[in-house]
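# An overview of the molecular structure
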Amino acid sequence: MQGNLPTRAIMNGQVALELIEGDITVQATDAIVNAANSSLLGGGGVDGAIHRAAGPDLLRETRQLGGCQTGDAKMTRGYKLPARYVIHAVGPIYQYADPGVATLLASAYRRSLELATEQQLNSIAFPSISTGAYGYPLAEAASVALRTVIEYGREHARPALIRFVLFNQSILQEYQQVLLGFLQKNWVDPA
């Protein structure tokens, strides 16, 4: 716990959920998730930072993938990153009062977890997908992200560590508030 807000929880008695403030490009998890655009060719924010840190070989590999649909994800090697893999998840551009955006955002998280499970990865680090340039309101996005990850973690043993690496203190606190709500509803156990 940080202050009175949680930073960790346990799902299914064995899957750990962590919330930290930091730089996703330095995470030594098996995979990090890139908040990618549909071209997969790099961009601003998290996407640009990951491409810069991984080096030019990442762009060479993503060029071969033929893009990615919103709500889906594709995996590449991590190259110069500490993480062995990058999972490129394409979240939606937020549209007010469009119920489909929550479904697409949840799908981007779920597909990332499915790819990690298929590759038998033990750890994965997520950013806050779609909350930057794509304009998804942070509180809504945090709720969708954590609900999706918790539902997945309650049904699967892998990845055993699901970490959210959040860019700054205010984003971290928003995720902590949402996690506190899930703890209070007994969706997850305290760690």
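Everything numeric in this text was worked out from a predicted model, so none of it was measured.

## Overview of the environment of Gly 48
- Within the secondary structure, Gly 48 is located in helix H1 (residues 45–54).
- Taking the C-alpha atoms as reference, Gly 48 lies 16 Å from Gly 67; in sequence the two are 19 residues apart.

## Here's the deal with helix H5 (residues 169–184)
- Helix length check: H5, at 16 residues, gives a terminal C-alpha distance of 22 Å against a target of 22 Å (1.5 Å per residue), a fit within 8%.
- Within H5, the full set of buried residues consists of Ile 171, Leu 172, Tyr 175, Gln 176, Val 178, Leu 179, Phe 182 and Leu 183. On an axial view of H5, the arc spanned by its buried residues comes to 170 degrees, and they lie on one face.
- Elements in contact with the buried residues of H5: strand E1 (8–11), strand E2 (15–21), helix H3 (100–118), helix H4 (138–155), strand E7 (161–166) and strand E8 (189–190).

## Quick look at the sheet that holds E1
- The sheet built from eight strands is open, its strands ordered E4-E5-E3-E6-E7-E2-E1-E8 with mixed pairing. The sheet is open, and its two edges are formed by strand E4 (73–77) and E8, each paired on a single side.
- Judged from the five bridges that link them, E4 and strand E5 (residues 85–90) form a sheet pairing that is antiparallel. The partner of Lys 74 across the bridge, within E5, is His 88.

Rules and cut-offs
Residues numbered from 1 in each chain as written. Predicted model: local features only at pLDDT ≥ 70, side-chain atom pairs only at ≥ 80, totals over all residues. Heavy atoms only, no water. Helix = DSSP H or I, 4+ residues; strand = E, 2+ residues; numbered from the N terminus. Expected span 1.5 Å × (residues − 1). Buried < 20%, exposed > 50% of the residue type's maximum accessible area, 1.4 Å probe, protein only. Arc of directions from axis to C-beta. Contact = heavy atoms within 4.5 Å. Pairing = 2+ DSSP bridges.

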